[in-house]
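Examining the three-dimensional arrangement
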Amino acid sequence: TGTSVGSLPSKLPNILACRGRVLAICDPGSELGALIRECNAGLVLESWALASATHAIVLHLKTTTRRTDVGITFALDAQIIRRFGTDAIVSAILE
């Protein structure tokens, strides 16, 4: 808790832009978790418990396919621009 609202890793926009996959362990309801889910960019865990984390990762790897759908690519590009584009950054600074 504490930084789960409004705190994102600085490398995240670049990882999303190159279609990288993300494994995040974060607080329930965090902005990071919501963004990863919204962009379908990886797996979000809300616990460090080894057994459940291992199970979730293995299941995710078995069921995830590479994103080759053009519609998903354009949707992801729109999300990146909306969240991390110049207008979004300037608005966040001015708020």
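Here the structure is a predicted model, which is why all the values come from computation and not from measurement. (Residues numbered from 1 in each chain as written. Predicted model: local features only at pLDDT ≥ 70, side-chain atom pairs only at ≥ 80, totals over all residues. Heavy atoms only, no water.)

**Observations regarding the overall build of the chain**
The following threshold applies: Here a strand is any run of E in DSSP of at least two residues, a helix any run of H or I of at least four, and the numbering for each starts at the N terminus. Only protein chains enter the calculation, and the probe is 1.4 Å; a residue is then buried if its accessible area is under 20% of its type maximum, exposed if over 50%, and partly exposed in between. Note on contacts: a residue pair is in contact if any heavy atoms of the two residues lie within 4.5 Å. Computed by Shrake-Rupley with a 1.4 Å probe, the accessible areas treat only the displayed protein chains as cover when residues are assessed.
In terms of regular secondary structure, the chain is built from 5 helices and 2 strands. Of the regular secondary structure in the chain, the N- to C-terminal order runs α-β-α-β-α-α-α. Here the chain, with 95 residues, has 28% of them falling under the buried criterion. The contacts in the chain between residues at least 6 apart in sequence include a share of 42% that link residues at least 24 apart. For the chain, the accessible surface area stands at approximately 6500 Å², while carbon and sulfur atoms represent 62% of it.

**Digging into the nonpolar core**
Note the threshold: We call a set of buried Ala, Val, Leu, Ile, Met, Phe, Trp, Tyr and Cys residues a nonpolar core when their side-chain atoms join them within 4.5 Å.
Counting residues in hydrophobic clusters, the biggest one holds 13 residues, and the most contacted among them are L12, L16, A24, L32, L35, I36 and F84. Every element with two or more residues in this core is listed here: α1 (12-17), β1 (22-25), α2 (31-38) and α4 (70-84). At 3 residues, α2 tops the list of elements feeding residues into this core. When near neighbours in sequence (up to four residues on either side) are disregarded, A24 contacts L32, I36, L43, V44 and L45.

**Topic: the confidence of the model for the chain**
Just so we agree on the cut-off: Predictor confidence is given residue by residue as pLDDT, running from a minimum of 0 to a maximum of 100.
Per-residue confidence for the chain averages 79 on the pLDDT scale, and 81% of its residues sit at or above 70. Strand β2 (residues 42-45) holds the highest mean pLDDT among the elements of the chain, 92, whereas α4 holds the lowest, 66.

**A short note on the pairing of β2**
Here is the rule we go by: Two strands make a pair as long as DSSP finds a minimum of two bridges between them. Handedness of a crossover: with both strands directed away from the viewer, a clockwise path from the first strand across the helix to the second marks it as right-handed.
Note: β1 against β2, 4 bridges, orientation parallel. Across the sheet, residue A24 finds its bridge partner in β2, namely V44. A crossover links β1 with its parallel partner β2, the connecting element being α2, and its sense is right-handed.

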